[in-house]
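What the coordinates show
As a plain string of letters, each chain reads:
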Amino acid sequence: MVSSAAGYRHSAAAIRALVRDDAVHRDVYVNPELFDLEMERLWRSAWTYAGHESQVPNAGDFITVDIARQPLLMLRGSDGTLRVLLNRCAHKGAKVVGAGSGNCGRVLRCSYHGWTYALDGSLRTVPLKSGYAGTQFAESEAAKGLWPVGGVAVYRGFVFVRLNRTGMSFEEYFGESLSSIDNLADRSPLGRLEVAGAPLRYMHNSNWKMFVENLNDTMHPMVAHESSAGTARQLWKDQPPDAPKPMVIEQFLPFVSNYEFFDKMGIKIYDNGHSYTGVNFSIHSSYSAIPEYAAQMEAAYGAERARAILGESRHNTVYYPSVTVKGAIQTIRVVRPIAVDRTLIESFTLRLAGAPAALLERSATYNRVINAPTSVVGHDDLYCYRAMQEGLDSDGNEWISLHRNYSDAEKAEGGLPGIYNGTSEVPMRGQFRAWVAAMTAGTDA
Amino acid sequence: MQAGDDRTLIEFVYHEARLIDEKRFDEWHDLFADDGRYWMPLTRGQPEGAGHTSLFDEDKLLLRIRIERLRNPKSYSQAYPSSCQHILQTPGIESRDAESGTAVLRTPFMYLEYQQDRQEVYGGVAWHHLKHSGGRIVIALKKIELLNCEAALPSIQLFP
């Protein structure tokens, strides 16, 4: 172990020194102190994905979720408002809601001393209240009820939170990158999405950034996935060209497209670490048409607009740091860091409201084949992440190269956003630029 | 199924698990009907249908891809090959229909999967929907209800 003992907490300079224009120090993946700081500084200042409003359609419906070590409660109020509160009793700090999802009725009630809260989080009743007469209770923190998070934004049904009280606005944080969520929601003839059932939950014994980076890493599929997608191609190769492809073959084959394919796909970079691959086309471009759906879309949007919506075939959009979106196949992957070498990935299947069942079946199939803990694609990805985790936690070169297609023009103020060739490492460089900014904001040099 | 061949059905379930544990995957694949299915739902009580995703939902083609991949030297996640062991409770014959030649067996099980100093332990109930085809018993559906199907799981690389 030669990990820096610099003490990152009290040195913004030490943190800045971890990220060069074209390389990053290995400590960012293996150092537990940096992980703690990421949770406190990056994840609490970012707008992170909490859930989808379709998971809480009625008053009293809730889900619970942990973000950056904060237990949160996403709850639909009696007034129809969706709120995100700290799931932590104002009295002794117990989690008020124990379940992962459900309906709490008209009040929340703590299991320990029976304090109850209205659905807006305000303290409603405390048993034997006379015991507080003559005390400062009414003016105390305890009387304030359940704390709301710093900010909540619902965008096309996606619920994002900012844990910190102050910081960038939702619109400023995501900017034009929200067009990927728009495209996903627009694919419903009704413009509406619903979470379809439970997520696949895959525990990764690796750092969260390896997963996030991989979503826009187009230099790995033809190598890491040769054994799975390449085997599928091998088994299919003797079929006549016009033989109807089974859905899984159609989904597997593009993974082993060549370097030229992925390079020409293109990458779009936004500020604050967001980006997407598949500007021009993607591995999802050649799926067979579903005529009934195409007709529905035309009826809903008109021919030209329907063609524009379905003509987008974005590969993976990274909403840094917490969620990645695949509009063309209607799945999202949610990143839940647990420790420096432990990350839970939850992959949700989305239903396009009003669309034929065939689309949901295609999404559910893709999600299983690619994102499940049983996925032969996922197995090889995770193997590579784990191999990096163990390799980087050893002596040797301390710097990870991010030189591919680097140009000094990226360094200029506002010089990063734009469209790049698809195999560039520019998305990772953009992520680390956002990382340094968040990790050093408000600290002394 | 003929009356009185309970033992044959039960032995079939034992044999099926043994073929996986001994990595005799071609023989195992051959146990499935042409339209056979290997299904492990993601949630408890998950209804039939492709509208909810699953942990496994493999037809013979997908099973074949998995089997061939395991033999591919570029299957990096198998750099240390995984091994597994099924431990089965005596299968119970839940239903049998002599006329159609079908039977359903229920088998509580434990499943161990081992790779490179790590062993994972799973448990659950397997349902074998068997039928007669071409003069032999084949699997129409093997459904695996994993006890912790909804948990955050590590890689499951072989076949519970």
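Below is a summary of the structure that appears in this document. (Residues numbered from 1 in each chain as written. Chains lettered and ligands numbered in written order. Predicted model: local features only at pLDDT ≥ 70, side-chain atom pairs only at ≥ 80, totals over all residues. Heavy atoms only, no water.)

Let's talk about the nonpolar core
Counting residues in each nonpolar core, the largest one holds 52 residues, and the members touching the most others are Ile67, Leu72, Trp208 and Trp435 of chain A. Excluding its chain neighbours within four sequence positions, the residues that come into contact with Ile67 of chain A are Trp43, Thr48, Tyr49, Ala50, Leu72, Val161, Leu163 and Arg336 of chain A. (Core = buried A, V, L, I, M, F, W, Y, C linked by side-chain atoms within 4.5 Å. Buried < 20%, exposed > 50% of the residue type's maximum accessible area, 1.4 Å probe, protein only. Contact = heavy atoms within 4.5 Å.)

Description of the sheet that holds strand β7 (residues 101–103) of chain A
All names here are of chain A. The strand order across the open sheet built from four strands is β6-β5-β4-β7, with neighbouring strands paired in antiparallel fashion. With one partner strand each, in any of the chains shown, β6 (82–86) and β7 form the two edges of the open sheet. Strand-to-strand, the axes of this sheet are offset by a mean angle of 25°, without reference to chain direction. Bridge analysis of strand β5 (residues 70–76) against β6 gives five bridges, and the strand direction is antiparallel. Bridging across to β6, Met74 finds its partner in Val84. (Pairing = 2+ DSSP bridges. Helix = DSSP H or I, 4+ residues; strand = E, 2+ residues; numbered from the N terminus. Axes fitted to C-alpha atoms, helices over the stretch in contact; angles between N-to-C directions.)

Here's the deal with the packing of helix α3 (residues 32–45) of chain A against helix α15 (residues 426–440) of chain A
All names here are of chain A. For the pair α3 and α15, the least separation of the axes is 8 Å and the interaxial angle reads 95°. Between α3 and α15, the angle falls in the class roughly perpendicular. For the pair formed by α3 and α15, the contact residues are Leu34, Leu37, Glu38, Arg41, Leu42 and Ser45 on the first element and Trp435, Ala438 and Met439 on the second. Per-class residue counts for the contact of α3 with α15 are six nonpolar, one polar and two charged. (Parallel < 35°, antiparallel > 145°, perpendicular 65-115°, else oblique. Nonpolar A, V, L, I, M, F, W, Y, C, P; charged D, E, K, R; others polar.)

Observations regarding the packing of aromatic side chains
Tallied over the full model, the rule gives 28 aromatic pairs over all chains. Aromatic pair Phe160 of chain A and Phe170 of chain A: ring centres 5.6 Å apart, planes at 50°, arrangement tilted. Within this pair, whereas Phe160 of chain A is found in strand β12 (residues 158–162), its partner Phe170 of chain A is found in helix α4 (residues 170–174), the two being separated by ten residues in sequence. Exposure remark for Phe160 of chain A: the relative accessible area of 1% places this residue in the buried category. Judged by relative accessible area, which is 4%, Phe170 of chain A ranks as buried. Both rings, one in Phe56 of chain B and one in Phe159 of chain B, keep their centres 6.4 Å apart while their planes meet at 35°; by these two values the pair is tilted. Of this pair, Phe56 of chain B sits in strand β2 (residues 54–58) while Phe159 of chain B sits in the segment after β7 (136–146), and the two are 103 residues apart along the sequence. A relative accessible area of 0% places Phe56 of chain B in the buried class. Taken together, the ring pairs in this structure connect Trp47, Tyr49, Tyr155, Phe158, Phe160, Phe170, Tyr173, Phe174 and Tyr319 of chain A into an aromatic cluster. Just above the ring of Tyr276 of chain A sits the side chain of Arg314 of chain A; from NZ or CZ to the centre is 4.1 Å. (Phe/Tyr/Trp six-rings, centres within 6.5 Å; stacked < 30°, edge-to-face > 60°. Lys NZ or Arg CZ within 6 Å of the ring centre and 35° of its normal.)

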